[in-house]
Each structure stands twice: as C-alpha cells, then as structure tokens.
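Letter by letter, the chains look like this.
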Amino acid sequence: MWYHKPVINEELLQSLPNLKIVASSGVGIDHLDLNLLSSYAVKVSNTPFVVSTDTADLGMALLLASSRRLVEGYQMAVSPDTECFPADWLGAEVSGATLGVVGMGTIGYKVAERAKAFEMKILYHNRNRRNKEEESAVGAIYCKKIDDLLRQSDFVLLSVNLTPQTHKLIGKRELELMKPTATLINISRGLVVDQDALVEALQNEVIKAAALDVTYPEPLPRDHPLLKLKNVIITPHIGSATKKTRRLMMENMTESIQAGLTGLPIPNEVA
C-alpha cells in the first residue's frame, strides 16, 4: 500500500483468497481495519523506523519556517510590487523558546534532540513517561496533563498516532489554552486537529500561526479557508519524502512481503 491505496475492505479481501500480507508504507495504520484483516488471517506490516529522522527534520523545518515567516518573506522578496523591505516586518524567536511535544515516540524524541541544539526549553506529553536518562539527554520536562503543556509552550508540535483517543485531540478548548503568540505544528495526521476550530482560532488570533504537513482531506479543497490565511504554512505530507528514505521504505516493505510469503517472521509486523 502506498498513500493508503488500494483501499483494503471486505470486498477486496474476499476477492483475494490467497492474500497473506498487506505491507503499508509509513508509520500510521489508522487507514487499516486490523480486526477485519485478522479475521481473514492476513498479516500487516509498516515501516515505522526509517521515516523518523526525515519526519523530525521536517517538523523542525516547519517550526523555523513559520517562526521566521519564510513563505511570506519569499513572496515579498520576489513580488514585482515590492519597492522596499519594511523595517517592522518581524518573526518570532526560536532559540530559548519553549517547545511542547505532544507524542514523544521516536519522531517526537528526534524533534526534541534537534530543538535542544536551538537551546529550546522542551516540554512533552505522552501516554508513557520516558526514563530519566532519555529526559536528561534532551532536557525534556514531562507534563502529565496536556493542558499544562499547552499553556506554557511557544510552539506545540503534534507527533502522535491517529487513534480514537487522539481524534481531534486539539480542538477549540485546547487552542484557547495556548498562548496567543503560540504556533501549532502538525506532522502526525490531519484528524488529530479539529480543522474548523483551527481556522477560527487563526482568524481570531487565538493563536498566532500554524504549520501543517498533514490535513484532512489531503489535498484540501481549493477553496478551503486554511489555504487563504497568511499565518499558515501547509506542505503536502512530505515528512518522509527524501530519496534515501523512500527507497528504504520500499526495501522494508519488500522484506516484509518476502517473509510473509515464505512463512518467516515478518519485520515490522503490526500486532
């Protein structure tokens, strides 16, 4: 499967009685009905580890681009109408700011490693607390309650799997807890954020900005209000989109398929 295609439903499974394995690219498995696949004795694999470094890089890139208003700056620099650069055109500081990471898995932790190099204060919220050594290595402080993280952070970065528990995890209430100077960065799944609430928060200056590699749907309808806001950066779900990583993803999927067909233990099997 690539970009969630083909759709795996009961009709397809019934038409493929010899199917042994579905190898899905990327980390997320929210597009798969694992119970349905299990009922047909079909195994599932994904590629969770090879995408983490590039996705963390993109998360940091979005943070920097949004804080320093790079897209707006580029548009100003190349516009045929620009005669001078305004002296009061300012961005936000990154070094020394507070980053709140929601979802401190492999990707979230790699973002924290990068943020440490920018001397950022790092808060995190996760289902399970990291051990003290891991926290100390990046200077991360655990927030048991997400509300505490939202209130304190200058940048809130989402790096969670999409589950029933994280569906619209960030809604109107959560956005209103954030600082009016804060930026929301989403590198997980579009449905982790209530997009209608996000549009309202951005329009009404409840938060300052958003940087999104994921939306719902993808791509957004061309008349969607998020596409018209200057304080939003949107990229086309390119967290893992480098030549090396995409090749490694394909190799991982091939290895899983070969193992599944020969009855060997499947690398990266999804339980």
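Residues numbered from 1 in each chain as written. Predicted model: local features only at pLDDT ≥ 70, side-chain atom pairs only at ≥ 80, totals over all residues. Heavy atoms only, no water.

### Some remarks on the UniProt feature "domain: D-isomer specific 2-hydroxyacid dehydrogenase catalytic" (unreviewed entry) in the chain
Alright, step 1. Listed under "domain: D-isomer specific 2-hydroxyacid dehydrogenase catalytic" (unreviewed entry) in the UniProt record, and renumbered for this structure, are residues 3-270.
Alright, step 2. Across residues 3-270 one finds 37% helix and 13% strand; the C-alpha atoms that close the span lie 18 Å apart. (UniProt positions renumbered as here; feature names shortened; annotations may be inferred. Helix = DSSP H or I, 4+ residues; strand = E, 2+ residues; numbered from the N terminus.)

### Side note on the sheet that holds strand 8 (residues 209-212)
Alright, step 1. Taken in spatial order, the 7 strands line up as 5-4-3-6-7-8-9 in an open sheet, and their pairing is parallel. Among the strands making up the open sheet, the edge pair consists of strand 5 (140-142) and strand 9 (232-234). If you compare each strand with its neighbour and ignore which way they point, the axes differ by 15° on average.
Alright, step 2. Judged from the 3 bridges that link them, strand 4 (residues 121-125) and strand 5 form a sheet pairing that is parallel. Across the sheet, residue L123 finds its bridge partner in strand 5, namely I141. (Pairing = 2+ DSSP bridges. Axes fitted to C-alpha atoms, helices over the stretch in contact; angles between N-to-C directions.)

### With respect to the packing of helix 3 (residues 52-67) against helix 5 (residues 106-117)
Alright, step 1. Direction vectors running N to C along helix 3 and helix 5 enclose 50°, while the axes themselves pass 8 Å from each other. In terms of their interaxial angle, helix 3 and helix 5 are classed as oblique. For the crossing formed where helix 3 meets helix 5, the hand is right-handed. For the pair helix 3 and helix 5, contact is made by S52, T53, T55, A56, D57 and M60 and by T106, I107, K110, V111, R114 and A115, respectively.
Alright, step 2. Split by residue class, the contact of helix 3 with helix 5 holds 5 nonpolar, 4 polar and 3 charged. (Parallel < 35°, antiparallel > 145°, perpendicular 65-115°, else oblique. Left-handed = near helix turned anticlockwise from the far one by under 90°. Contact = heavy atoms within 4.5 Å. Nonpolar A, V, L, I, M, F, W, Y, C, P; charged D, E, K, R; others polar.)

### Quick word on the side chain of H125
Alright, step 1. Locating H125 in the fold gives a position in strand 4.
Alright, step 2. Engagement of the side chain of H125 in a polar contact is seen with the backbone oxygen of C143, the distance being 3.0 Å.
Alright, step 3. From its side chain, H125 meets the backbone oxygen of K144 in a polar contact 3.2 Å long.
Alright, step 4. Those residues in contact with H125, other than ones at most four positions away along the chain, are V101, V102, G103, M104, C143, K144, K145, I146 and L149. (Polar contact = N/O pair within 3.5 Å; in protein donor to acceptor, adjacent residues only side chain to side chain.)

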